[in-house]
Amino acid sequence: MAEVKVYTFIGKKRNNYDTTEYISGQQFCDALTKAEASSDTDIKVSVNSGGGSVTDGYAMIAGMQKCTKPVTAVIDGYAASMGYFVCLGAKRIEAAGNSILMLHSVQGSAQGSPDDLIAEAEVLKKFNATVATLLAARTGLSEAEVTEKYLG
């Protein structure tokens, strides 16, 4: 079984500052492609991440969904925010008994005119709707229920 680790922040930009320790969507998908080529069976994605960039996370989810081999996400420790949401791209999700999961609505920041702030809020609403769709598909709850229970 091939393994890809997500043991750091997702994406370079985190809370409006650049971090030096991260995995980008591109790096993850490149590692996943190598794992897929080298594995005769399924692929394990080990996660211990405090989250990060929505756009990098979405690329990681799409990469796992496109994978021709079954992908299992294993939460080894901490899967918070986008660190948890990337697990939704896997066919199967497992969590260690001592793991911690944390979900919340998509967050961002903006500055500028009132129109700039309204535009940013609309982008965040679109991201939240996408996350709600992913969660609804995995939980069997409606998107409204997921939004109220996990993203409200």
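Because the structure is a prediction, the values reported are computed rather than measured.

With that out of the way, let us pick up the environment of Val54. Assignment of secondary structure puts Val54 in helix 2 (residues 54-66). Given a relative accessible area of 13%, Val54 falls into the buried group. Remark: the alpha-carbon pair of Val54 and Phe85, spanning 31 residues in sequence, is separated by 9.1 Å. For Val54, the residues in contact, after removing those within four places along its chain, are Met82, Val106 and Phe127.

One finds Val6, Phe28, Val45, Met64, Phe85 and Leu135 to be the most contacted residues of the largest nonpolar core, which totals 38 residues. Elements that contribute at least two residues to this core include exactly strand 1 (2-6), helix 1 (25-38), strand 6 (43-49), helix 2, strand 7 (71-80), helix 3 (82-85), helix 4 (114-139) and helix 5 (143-151). If you tally residues by element for this core, the top one is helix 4, at six residues. When residues no more than four places from it in sequence are discounted, the contact partners of Val45 are Val4, Val6, Phe28, Met64, Val71, Thr72, Ala73 and Val74.

Now for the packing of aromatic side chains. Geometry of an aromatic ring pair is reported as the spacing of the ring centres plus the angle between the planes. Under the definition given, this model contains two aromatic pairs. Relative to Phe127, the ring of Tyr58 has its centre 5.6 Å away and its plane inclined at 75 degrees; by these criteria the two rings are edge-to-face. Linking Tyr58 in helix 2 with Phe127 in helix 4, this pair joins segments that are 69 residues apart in sequence. Assessed through its relative accessible area of 22%, Phe127 is described here as partly exposed.

In this section: unusual backbone geometry. The phi torsion of most residues other than glycine is negative, and most of the peptide bonds are trans. Unusually for a residue other than glycine, Ser81 sits at a positive phi of about 55 degrees. Structurally, the position occupied by Ser81 is in the loop between strand 7 and helix 3.

We now examine the packing of helix 4 against helix 5. Closest axis-to-axis distance for the helix 4/helix 5 pair is 8 Å, and the angle between their directions is 105 degrees. It follows that helix 4 is roughly perpendicular to helix 5 by the angle criterion. Note on element contacts: helix 5 touches helix 4 through Glu143, Val146, Thr147, Tyr150 and Leu151, opposite Asn128, Ala129, Val131, Ala132, Thr133, Leu135, Ala136 and Thr139. Residues belonging to the contact of helix 4 with helix 5 are distributed by class as follows: eight nonpolar, four polar and one charged.

The next point concerns the packing of helix 1 against helix 2. Direction vectors running N to C along helix 1 and helix 2 enclose 15 degrees, while the axes themselves pass 8 Å from each other. With respect to helix 2, the element helix 1 is oriented roughly parallel. Handedness of the crossing formed by helix 1 with helix 2: right-handed. From helix 1, Gly25, Phe28, Cys29 and Leu32 reach across to helix 2, where they touch Asp56, Ala59, Met60, Gly63 and Met64. In terms of residue class, the contact of helix 1 with helix 2 is built from six nonpolar, two polar and one charged.

What counts and what doesn't
- Residues numbered from 1 in each chain as written.
- Predicted model: local features only at pLDDT ≥ 70, side-chain atom pairs only at ≥ 80, totals over all residues.
- Heavy atoms only, no water.
- Helix = DSSP H or I, 4+ residues; strand = E, 2+ residues; numbered from the N terminus.
- Buried < 20%, exposed > 50% of the residue type's maximum accessible area, 1.4 Å probe, protein only.
- Contact = heavy atoms within 4.5 Å.
- Core = buried A, V, L, I, M, F, W, Y, C linked by side-chain atoms within 4.5 Å.
- Phe/Tyr/Trp six-rings, centres within 6.5 Å; stacked < 30°, edge-to-face > 60°.
- Axes fitted to C-alpha atoms, helices over the stretch in contact; angles between N-to-C directions.
- Parallel < 35°, antiparallel > 145°, perpendicular 65-115°, else oblique.
- Nonpolar A, V, L, I, M, F, W, Y, C, P; charged D, E, K, R; others polar.
- Left-handed = near helix turned anticlockwise from the far one by under 90°.

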